[in-house]
Amino acid sequence: DAGITQSPRHKVTETGTPVTLRCHQTENHRYMYWYRQDPGHGLRLIHYSYGVKDTDKGEVSDGYSVSRSKTEDFLLTLESATSSQTSVYFCAIRVRNTGELFFGEGSRLTVL
Amino acid sequence: KNEVEQSPQNLTAQEEEFITINCSYSVGISALHWLQQHPGGGIVSLFMLSSGKKKHGRLIATINIQEKHSSLHITASHPRDSAVYICAVRVNSGGYQKVTFGTGTKLQVIP
């Protein structure tokens, strides 16, 4: 599993509240990704990071921000959660040399 | 049109059947991934390939770069193979590698 943990695994919140999801890795991988998974859609990239303080937007980045202040942690923040952000969120890392992908266990977010 | 198309979307098979899941893509790629997701579970990488064929246990993945097509085969299928199988392609895009995912094939293997 490449030492990836996500927290929280489940969260229920109300519209308009801020939410932060954390992705933690223990193997010093440079590339980290946040995806959301929704029925009828493939995994869609929200934001990614290619190093400490180096981040960029993915295809569905509106309403989300990220931060990476240290190699092991990649945070995804919903500044003001909306019901359309109800989803399962997956963090992933890419092994630079091999290109393999490893995923966290997912965080299920429900916005009421 | 999605860059990655999988077929079938749903598949029900009897135990021991030989199963094939297909993935077609529309762009030049640097690699293709096959992933497995059990119900309520996380996502596990099965294969990453850029040419030819790979085998792991009862699973075989093939890719034809010219035809932009990959297949995942499961031999002697078992109920524990029931899962969603996801194809993803990696494309070099403006200096970084973009990964695009198919919507998955839901497989149910019946005893």
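In case you missed it, the structure is sitting above this.
Note that this is a predicted model, so its numbers are computed, not measured.

> Can you lay out the interface of chain B and chain A for me, pointing to particular residues and giving the numbers?
Counting from both sides, the interface comprises 16 residues of chain B and, opposite them, 17 residues of chain A. In this assembly, chain B packs against chain A so that about 1400 Å² is buried in total across both faces, 63% of it on carbon and sulfur atoms. Looking only at chain B, the three residues that lose the most surface to chain A are I43(B), Y96(B) and F101(B), adding up to 38% of its buried area. Between chain B and chain A we count 0 salt bridges in total. Our count for the chain B to chain A interface comes out at 1 residue pair in polar contact (both at pLDDT 80 or more). Of all the elements in the fold, those that place two or more residues in the side of chain B that touches chain A are β4 (31-37), β5 (43-49), β9 (83-93) and β10 (96-101) of chain B. Top contributing element to the side of chain B that touches chain A by residue count: β10(B), with 4 residues. When grouped by side-chain class, the residues that make up the side of chain B that touches chain A number 7 nonpolar, 8 polar and 1 charged.

> A description of the packing of aromatic side chains should follow, citing residues and the corresponding values.
Counting across every chain of the model gives 7 aromatic pairs over all chains. Plain terms: the ring middles of Y33(A) and Y48(A) are 6.3 Å apart, the flat faces sit at 25 degrees to each other, and that makes the pair stacked. Of this pair, Y33(A) sits in strand β4 (residues 31-37) while Y48(A) sits in strand β5 (residues 44-51), and the two are 15 residues apart along the sequence. Across the pair, Y48(A) and Y33(A) agree in class, each one buried. Joined through ring pairs, the aromatic side chains of Y33(A), Y35(A), Y48(A), Y50(A), F103(A) and F101(B) make up one cluster. Above the face of the Y31(A) ring, R94(A) is positioned so that its terminal group lies 4.2 Å from the ring centre.

> Tell me about the nonpolar core, and please be specific about residues and values.
L32(B) and W34(B) are the most contacted members of the largest nonpolar core, which has 23 residues in total. Those elements that place two or more of their residues in this core are β3 (19-25), β4, β5, β7 (59-64), β8 (69-74), β9 and β11 (105-110) of chain B. In terms of residue count, β9(B) provides more of this core than any other element does, 5 residues in total. Judged by nonpolar contacts, the second largest core, of 20 residues, contains L21(A), C23(A), I46(A) and F74(A).

Thresholds applied
Residues numbered from 1 in each chain as written. Chains lettered and ligands numbered in written order. Predicted model: local features only at pLDDT ≥ 70, side-chain atom pairs only at ≥ 80, totals over all residues. Heavy atoms only, no water. Contact = heavy atoms within 4.5 Å. Buried area = accessible area lost by both parts, 1.4 Å probe. Salt bridge = Lys/Arg side-chain N within 4 Å of Asp/Glu carboxyl O. Polar contact = N/O pair within 3.5 Å; in protein donor to acceptor, adjacent residues only side chain to side chain. Helix = DSSP H or I, 4+ residues; strand = E, 2+ residues; numbered from the N terminus. Nonpolar A, V, L, I, M, F, W, Y, C, P; charged D, E, K, R; others polar. Phe/Tyr/Trp six-rings, centres within 6.5 Å; stacked < 30°, edge-to-face > 60°. Buried < 20%, exposed > 50% of the residue type's maximum accessible area, 1.4 Å probe, protein only. Lys NZ or Arg CZ within 6 Å of the ring centre and 35° of its normal. Core = buried A, V, L, I, M, F, W, Y, C linked by side-chain atoms within 4.5 Å.

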